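An overview of the molecular structure
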Amino acid sequence: MLKLLRKALKVGEATVEYPFKPVEVAPGFRGKPVYDFSRCIACGACATACPPNAITMDWDLERGVKSWNINYGRCIFCGRCDEVCPTGAIVLSAEFELAAARKEDLYCRAELKLCKCISCGAYFAPCRELEYVLASLRQAGLLEGGHEGWKQLLKVCPECRRRQAASATGALGRPGRMPGGRQ
Amino acid sequence: MDQEVKLAELKAKLKKVIKRSVYIYRVDCGGCNGCEIEIFAAISPVYDPERLGMKVVASPRHADVLLYTGPMTRAMRLPAIRAYQAAPDPKIVVAYGACGCSGGIFHDCYSVWGGADSIFPVDVYIPGCPPTPAATLYGLAMALDLLQQKIKGEQFAETEVTRVVPQYDGVCPELAKEIEQEARRLSGYLHGRRIAAQYLQFVREGDPLAVDRKIKELIKQEKDPRLAEVFLSLHKIYMEKMERVGHNAG
């Protein structure tokens, strides 16, 4: 009995005082994914990677916005979004106190503007993504000298670009004399 | 409508009355048992919820709080409703885990109806896959109005076009990509990113010769042989790249 008491006194209290005092999480703990709106380029990599579809992206081509949406109630805290994000806009934190009384509090939404195609006038890609591509090209040294056309080319939607390329190719050869094609 | 108001009043009264004697009944609606294991971890002496009066009981007839874990599967919906009806009114319903909140990773499964809220009203959602014992205690304390809710729904909208610059300013994106890929391949995304950032910090600062010297010094001083090895392989990529660039220029 005394032996047991001595041991208990030596070991001390094992219970953590959690609700009254903050508890320390383990290093590398994967908690709430925190979204940094100022760094997001709406590329959709996180939405593609997310295993339970907690992160979703939607196009609204009428209003010209791409919306980003996370449901913390569905998130499994795997960290795949953190892993694939090219700009570090979503990072897992040590925050674990996520309980909520209303479901709306578990959502985080963001809307990013889309860019209009200069040729056909339809919305086709997030402005920030295009700016990011331009900045990357600049950093790679590809924008200096002879590549000014790239800037214009980026503002054309893929469909118009295809059409332009096709008409440019058509202008090169003589029309109506495709091998195997009808005259 | 009148009944709902009455129920809310009763619930508020219940919270006041059961402050130090909360009986919890746990229903698994078809989850993977991860949540159960975490609940058992939460009722272990390390977290000891019995000092707050929380106790897991074996019958819903004794329960004040119903804890629904797992996605609401077709097979378990009737037992879940039976447990809900068996618990005396007023009761507090808690949706536990990602599956309990919204169906989680099983949300589009053929037999899954969604979270616990697809069948009956839920008072508190505790997200997590599974929630840690501390998160469990926090959620239960929130259900009993002992603690305040911390998370808030957020909404962002772009008012004007802002620019996002690539990470690792001043480094060729292709080189940065290769270094980061190799670092992640060798030591995982979490440490890989940190190591790549540390390495690219050197690259950003000086010309190839200075970088070479600094990195070799760093590798010599590094006490962790694993980290030194990673730095060495990153450095190999960098030197090869620089050689190729030099070759092309010359």
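Counting starts from 1 at the beginning of each chain's written sequence and moves along it residue by residue. Labels follow written order: the first chain is A, the first ligand is 1, and so on. Local features in this predicted model are restricted to residues whose pLDDT is 70 or higher, and side-chain atom pairs enter the listing and the counts only when it is 80 or higher, whereas totals over whole chains, interfaces and linings include all residues. Side-chain measures were taken over the full set of non-hydrogen atoms in the model, leaving aside hydrogen atoms and water.

An unreviewed UniProt entry annotates chain B as Formate hydrogenlyase subunit 7 of Neomoorella thermoacetica. UniProt positions are given in the numbering used here, feature names are shortened, and annotations may be inferred rather than shown by experiment. Chain B has a UniProt comment under Sequence similarities (unreviewed entry) that states "Belongs to the complex I 20 kDa subunit family." Annotation of chain B in UniProt includes, under Cofactor (unreviewed entry), the sentence "[4Fe-4S] cluster".

With an unreviewed UniProt entry as reference, chain A is termed NAD(P)H-quinone oxidoreductase subunit I, source organism Neomoorella thermoacetica.

Turning to the state of the cysteines, a few remarks are in order. Residues and elements named next belong to chain A. Two cysteine sulfurs form a disulfide in these notes if their separation is within 2.5 Å. Evaluated as defined, the whole model comprises zero disulfides over all chains. Here Cys46 is not cross-linked by a disulfide; its sulfur's nearest cysteine counterpart is in Cys43, at 6.3 Å. The thiol sulfur of Cys120 is not disulfide-bonded, and the nearest other cysteine sulfur, from Cys160, lies at 3.5 Å. Its relative accessible area of 44% is what places Cys120 among the partly exposed residues. Buried, partly exposed and exposed residues are distinguished by accessible area as a fraction of the type maximum, computed with a 1.4 Å probe on protein chains only: under 20%, between the cut-offs, and over 50%, respectively.

The next point concerns a nonpolar patch on the surface. A surface patch of nonpolar side chains, about 360 Å² in accessible area, is lined by Leu2, Leu5 and Leu9 of chain A. Helix and strand assignments come from DSSP, with helices taken as H or I runs of at least 4 residues and strands as E runs of at least 2, each series counted from the N terminus. Counting through the fold element by element, Leu9 of chain A comes out in helix H1 (residues 2-11). Like charges are joined within 9 Å and nonpolar side chains (Val, Leu, Ile, Met, Phe, Trp, Tyr) within 5 Å, but only among residues with over 30% relative accessible area and no salt bridge; these make up the patches. In these tables, accessible area is a Shrake-Rupley quantity obtained with a 1.4 Å probe, and a residue counts as shielded only by the protein chains included in the view. The term salt bridge refers to a pairing of a side-chain nitrogen on Lys or Arg with a carboxyl oxygen on Asp or Glu at a separation within 4 Å.

Contacts between residues were defined by any pair of non-hydrogen atoms, one from each residue, lying within 4.5 Å. At the interface, 58 residues of chain B touch 63 residues of chain A. The junction of chain B with chain A conceals about 5100 Å² of combined surface from both sides, 57% of it contributed by carbon and sulfur atoms. On the surface where chain B and chain A come into contact, there are four salt bridges. Arg193 of chain B is the partner of Asp82 of chain A in a salt bridge, and the nearest nitrogen-oxygen pair spans 2.7 Å. Whenever a nitrogen or oxygen atom comes within 3.5 Å of another N or O atom, the pair is scored as a polar contact, on the condition that within protein one atom can donate a hydrogen and the other can accept it, and that pairs from neighbouring residues in sequence are kept only if both atoms are in side chains. Our enumeration of links across chain B and chain A arrives at 22 residue pairs in polar contact (both at pLDDT 80 or more). Within the residue set of the side of chain B that touches chain A, elements represented by two or more residues are helix H4 (97-102), strand E5 (124-126), helix H5 (133-143), strand E6 (154-157) and helix H6 (173-205) of chain B. Note on residue categories: nonpolar means Ala, Val, Leu, Ile, Met, Phe, Trp, Tyr, Cys or Pro, charged means Asp, Glu, Lys or Arg, and polar means any other residue, Gly included. The residue inventory of the side of chain B that touches chain A, partitioned by class, reads 31 nonpolar, 13 polar and 14 charged. The pairing criterion is simple: DSSP has to find at least two bridges between the two strands. Bridge analysis of strand E5 (residues 107-116) of chain A against E6 of chain B gives four bridges, and the strand direction is parallel. Each bridged residue has a counterpart across the sheet, and for Glu111 of chain A the counterpart in E6 of chain B is Ala157 of chain B. Two parts placed together each lose some accessible area under a 1.4 Å probe, and adding up what both lose gives the buried area.

Adjacent strands of a sheet form backbone hydrogen bonds with each other and so pair up, either parallel or antiparallel. Residues and elements named next belong to chain B. Taking strand neighbours across the sheet as the criterion, the five strands line up as E2-E1-E3-E4-E5 in an open arrangement whose pairing is parallel. The two strands at the open ends of the sheet, each matched to only one other strand, are strand E2 (54-56) and E5. Taken pair by pair, the neighbouring strands of this sheet meet at an average axis angle of 25 degrees, ignoring direction. One ladder, built from five bridges, connects strand E1 (residues 22-28) with strand E3 (residues 65-69); its direction is parallel. Across the sheet, the residue bridging to Tyr25 is Leu66, located in E3. A fitted line through C-alpha atoms serves as each axis, taken over the contacting stretch for helices, and the angle formed by two N-to-C directions is quoted from 0 to 180°.

Our next topic: the confidence of the model for chain B. Per-residue confidence for chain B gives a mean pLDDT of 87, with 98% of residues at or over 70. Scored as a complex, the prediction yields pTM 0.84 and ipTM 0.82. Values of pLDDT, ranging from 0 to 100, describe the predictor's confidence in every residue of the model.

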